[in-house]
Structures are given as C-alpha cells and as structure tokens.
Amino acid sequence: MAHDLPRVSVCIPVYNRAGLVRETLQSVLAQDYPRLEILVQDNASDDGTAEVLAELAGAHPQIAVQRNPELIGMVPNYNRVVARAQGELVLILSSDDLLEPGFLRVCVEALHNPGIAAVTTGYYWLQEGRKTPRIPKVPGGLYRGALGMVLLENPFNLCVSLFRRSLLERLCERGKLFRERLFTGDFDLWLRVAAAGAGLLYRDDVLGGSFRLHPGNISKGSRRMYRHTNLTILANREALRRQCPFAYRYKLARILTHDLRDWVRGRPVDRHLTRAVTLALLER
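Residues numbered from 1 in each chain as written. Predicted model: local features only at pLDDT ≥ 70, side-chain atom pairs only at ≥ 80, totals over all residues. Heavy atoms only, no water.

### Focus on the pattern of salt bridges
- Enumeration according to the criterion identifies 15 salt bridges in this entry.
- Between Arg227 and Asp270 there is a salt bridge, with the nearest N and O atoms lying 2.8 Å from each other. In this pair, Arg227 is assigned in helix 8 (residues 223-235) and Asp270 in the loop between helix 10 (245-264) and helix 11 (271-282), connecting sequence segments 43 residues apart.
- When its relative accessible area of 36% is taken as the criterion, Arg227 is described as partly exposed.
- Given the relative accessible area of 27%, Asp270 is considered partly exposed.
- When the shortest N-O distance is used, the salt bridge between Arg241 and Glu283 registers 3.5 Å. (Salt bridge = Lys/Arg side-chain N within 4 Å of Asp/Glu carboxyl O. Helix = DSSP H or I, 4+ residues; strand = E, 2+ residues; numbered from the N terminus. Buried < 20%, exposed > 50% of the residue type's maximum accessible area, 1.4 Å probe, protein only.)

And the structure:
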C-alpha cells in the first residue's frame, strides 16, 4: 500500500532558472514512487522562474512553492527549503539537474536496511545535450566513517543522494543543516556525514541523474570555490585530526604547496588563509 511507504521530501532551492527548472521538476514528477512532497524555495527570482513554478504547482498538488520576499544567499536558501521537509527521507536537488527514471524507488528500497542512513549513486554529466557517465572515483559499497576518503576524493554528489531526515536533523547546528558562512556546503555536509559514522551506501552504477554543465554552474576553478573548500576543511579540523590525521596533514600540505606555487608565479594568494592552514598543519 502506498500509504505504508515512507514519504520522500524533494527539496529544490532555485534562483533564476526559468529555462531549466521545468525540466528538473518534470524529472521528479516522472518518478515511479507515489509518496512525494516536492518543496521549492524561490530565492526572489526575477527572470520568469516564479511564473513557471506557479504554473507547475497549479497543475501538480505535490509541488509546494515558497518565495523569499527578498534575495538571500544561496546557502541560506538551501537551509530554508530543507527546514520545510516533513518526509522521513530527504533529497536535496539542484534546480538545473535531472533525475533518472526509477531513482527514488531504488534508493528507498536500499534504505529498508536500518543500518543505512543515506544512499548515493553514480550520475551523468550533461552538456549541450550529450550525457556522459561520470567515472566513479571509488568502488560501490557500504561506507561508514570514511572521513579520509571524503576529504581526499569527495566522490559523492548531493543531488543524487537520499538521506534519512533523522540523520540530517542530527547534523543540524542551531536548527540549520548547512553552515551559512561556507559556500561549499555540500562538501561540508559530506565531511560531517562521514565524521558521524553514518552508514552510506554508494551505488557506482549510473542511476542517479544528470548534472548539467553550463556557464551558471561551472565554478570548480574559481578562487572563491578554492578558498571556501579550504575554509571547510579548517571548520572540520577537530574531527579530521582525530579520525584521519595522515590524510588531514597530507591535504594541508597540498594546500600549502598550491599556494606556494601561485606565489612563485605571481598569482594572488590569500595570506590570512595560508597562515591559518600553516598553523593547522603545525598543531599537535
């Protein structure tokens, strides 16, 4: 019976995605899983996104849209939509990504095992209409306490991951899942999931969805992303020092090597952050 199944909350933060969010929502509506609430948090979009969302919400009662009266940061918007979730299971989906058919059903089935707190899968890169399977960085299996692996590889994607809400609530700080001072909230969340020793099932087959590559989200090489990745590592240093000291010190050394290379080449270096990383490496 459908009412016996756990409810899944699909949380979608959105800002100015009028040309993409319809397809994202349609990929959720097409899932062969009956107990869904689809929560959309519109961060005061001004490009027609609100009109697209109103049309879809009017046609599909599973979709509940809230609109921020004024623009807030990306991470605060993520916190707002996750805080609305009422389902036992939670998916946090970017407003420009797509789910493959059957994704939710397979993930919910995996979570019938009480020793699994989250399940994540392989996915596609989608660019200019072409889908390319992303090559897995680690083998599939059940991972628990793999903090060093997450630190060095970060192999998991938030948008193709289904979490028990009880786990996310346990990781909240002052009622918020994501730390709003950190732009790389997904990396920070994975570090905290691993540090908590939660059972994470990774399926390396491609059943999750498609991660779009477009000018609005290709930011891996940006200085901001690099800086906040390093701030995230420092924010988790106590758990990292305790649980994976070798991987932690190796990562700090790599950061300093990167900064030294940039300094030699005359590129800008955040000296305050470099100093903080140096002091962290010298800590005993």
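### Overview of the nonpolar core
- Ranked by internal contacts, the top residues of the largest apolar core, which has 48 residues, are Phe163 and Phe178.
- If you tally residues by element for this core, the top one is helix 7 (residues 185-195), at six residues.
- If we ignore the near neighbours within four places in the chain, the residues touching Phe163 are Glu88, Leu89, Val90, Ala117, Ala118, Leu158, Leu168, Leu189, Trp190 and Val193. (Core = buried A, V, L, I, M, F, W, Y, C linked by side-chain atoms within 4.5 Å. Contact = heavy atoms within 4.5 Å.)

### Describing the environment of Asp42
- With respect to the helices and strands, Asp42 occurs in strand 2 (residues 36-42).
- Along the primary structure Asp42 and Pro114 are separated by 72 residues, whereas in three dimensions their C-alpha atoms are 34 Å apart.
- Those residues within four positions of Asp42 in sequence are excluded, and the remaining contacts are Val14, Thr49, Ala50, Leu53, Gln66, Arg67 and Asn68.

### Observations concerning empty space enclosed by the protein
- Applying the stated criterion to the full structure yields two cavities of 30 Å³ or more.
- Within this model, the largest cavity holds a volume of roughly 60 Å³.
- Forming the walls of the largest cavity are Tyr143, Arg144, Gly145, Ala146, Met149, Val150, Phe156, Trp190, Val193, Ala194, Ala198 and Leu200.
- Counting residues per element, the ones that place at least two in the lining of the largest cavity are strand 8 (141-144), helix 5 (147-153) and helix 7.
- The biggest single contributor to the lining of the largest cavity is helix 7, with three residues.
- Its residues assigned to classes, the lining of the largest cavity shows ten nonpolar, one polar and one charged. (1 Å grid on protein atoms, 1.4 Å probe; cavity = no way out; pocket = protein on both sides within 12 Å on 5 of 7 lines; lining within 4 Å. Points joined across faces, edges and corners; volume = space filled by probe spheres on them. Nonpolar A, V, L, I, M, F, W, Y, C, P; charged D, E, K, R; others polar.)

### As for unusual backbone geometry
- One non-glycine residue, Asn154, lies in positive phi territory at about 40°.
- Mapping Asn154 onto the fold places it in the loop between helix 5 and strand 9 (161-164).
- Positioned with a positive phi, Arg174 is a non-glycine residue whose angle comes to about 55°.
- One can find Arg174 in the loop between helix 6 (165-171) and helix 7.

### Re a nonpolar patch on the surface
- A cluster of nonpolar side chains, namely Leu152, Phe246 and Tyr250, defines an oily patch on the protein surface of about 340 Å² accessible area.
- Among the structural elements, Phe246 can be located in helix 10. (Patch = residues over 30% accessible without salt bridge, like charges linked within 9 Å, V, L, I, M, F, W, Y side chains within 5 Å. Areas by Shrake-Rupley, 256 points an atom, 1.4 Å probe, with all protein chains shown as cover.)

### Thoughts on helix 10
- The first and last C-alpha atoms of helix 10 sit 29 Å apart over 20 residues, in line with the 28 Å expected at 1.5 Å per residue.
- Taken together, the buried positions of helix 10 are occupied by Ala247, Tyr248, Lys251, Leu252, Ile255, Leu256, Asp259 and Asp262.
- Along its buried surface, helix 10 packs onto helix 5, helix 8, helix 9 (237-243) and helix 11.
- One or two residues past the end of helix 10 sits Gly266, with phi positive at roughly 80°. (Expected span 1.5 Å × (residues − 1).)

### Thoughts on the environment of Trp125
- Topologically, Trp125 is positioned in strand 6 (residues 118-127).
- For Trp125, a relative accessible area of 27% translates into the label partly exposed.
- Taking the C-alpha atoms as reference points, Trp125 and Asp97, 28 residues apart in sequence, are found 9.7 Å from one another.

### Notes on helix 7
- Of all eleven residues making up helix 7, nine are buried, and the element is well covered by its neighbours.
- Those residues of helix 7 not exposed but buried are Gly185, Phe187, Asp188, Leu189, Trp190, Leu191, Arg192, Val193 and Ala194.
- Directly after helix 7, the chain includes Gly197, whose backbone phi takes a positive value near 75°.

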